[in-house]
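# Close look at the chain arrangement
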Amino acid sequence: MARFLSQIYEQNPWFKDYQNIDSDPHLNRLKKYPFIWQETSFLNHPFSDGVYFVYGIRQIGKTTHLKMFIKNNLNKQNACNYFYFNCDFLDSKRDIVEL
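An account of the accompanying structure is given in this report.

Cut-offs applied
- Residues numbered from 1 in each chain as written.
- Predicted model: local features only at pLDDT ≥ 70, side-chain atom pairs only at ≥ 80, totals over all residues.
- Heavy atoms only, no water.
- Helix = DSSP H or I, 4+ residues; strand = E, 2+ residues; numbered from the N terminus.
- Contact = heavy atoms within 4.5 Å.
- Phe/Tyr/Trp six-rings, centres within 6.5 Å; stacked < 30°, edge-to-face > 60°.
- Buried < 20%, exposed > 50% of the residue type's maximum accessible area, 1.4 Å probe, protein only.
- Lys NZ or Arg CZ within 6 Å of the ring centre and 35° of its normal.
- Salt bridge = Lys/Arg side-chain N within 4 Å of Asp/Glu carboxyl O.

## A look at the side chain of Gln11
With respect to the secondary-structure elements, Gln11 resides in helix α1 (residues 5-11). When near neighbours in sequence (up to four residues on either side) are disregarded, Gln11 contacts Tyr84, Phe85, Asn86 and Phe89.

## Structural notes on the packing of aromatic side chains
If you walk through the whole model with that rule in mind, you get 10 aromatic pairs. Taken together, a centroid distance of 5.2 Å and an interplanar angle of 85° make the contact between Phe47 and Phe69 edge-to-face. Of the two residues, Phe47 sits in the loop between α3 (40-43) and α4 (62-73) while Phe69 sits in helix α4, which places them 22 residues apart along the sequence. Here Phe83 and Phe85 contribute two aromatic rings whose centre-to-centre distance is 6.4 Å and whose plane-to-plane angle is 5°, an arrangement assigned as stacked. Residue classification places Phe85 among the buried positions, given a relative accessible area of 12%. Taken together, the ring pairs in this structure connect Phe4, Tyr9, Trp14, Phe15, Phe83 and Phe85 into an aromatic cluster. Residue placement shows Lys67 over the ring face of Tyr84; its charged tip is 4.8 Å from the ring centre.

## Points about the pattern of salt bridges
Between side chains of opposite charge, a pair can form when the charged atoms approach closely. On inspection of all chains with the given rule, the structure shows three salt bridges. With a closest N to O distance of 2.8 Å, Asp22 and Lys71 form a salt bridge. In this pair, Asp22 is assigned in the loop between α1 and α2 (25-30) and Lys71 in helix α4, connecting sequence segments 49 residues apart. Its relative accessible area of 40% is what places Asp22 among the partly exposed residues. Overall, the relative accessible area of 39% leaves Lys71 in the partly exposed class.

Dropping the structure here:
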């Protein structure tokens, strides 16, 4: 896991300060669009504690919706409860175990 620490902190800037979610590039890109489709069944889903993997075809909004969910639920007390990691940076499936 030590070799992934810099990537973890880079991909989860809210670990340092929960308000850093406001500077997320995925969420900032949304500001230029007049209409934004939001999958409310996902954004309002009552997830329980656990690890969730989100996968699917490229460029359909997986990362953006995850970060919208995090932003909607993030506060000062729970900032470290939301962990995001883009697995495109992993060399092999075994890296997930190390992570």
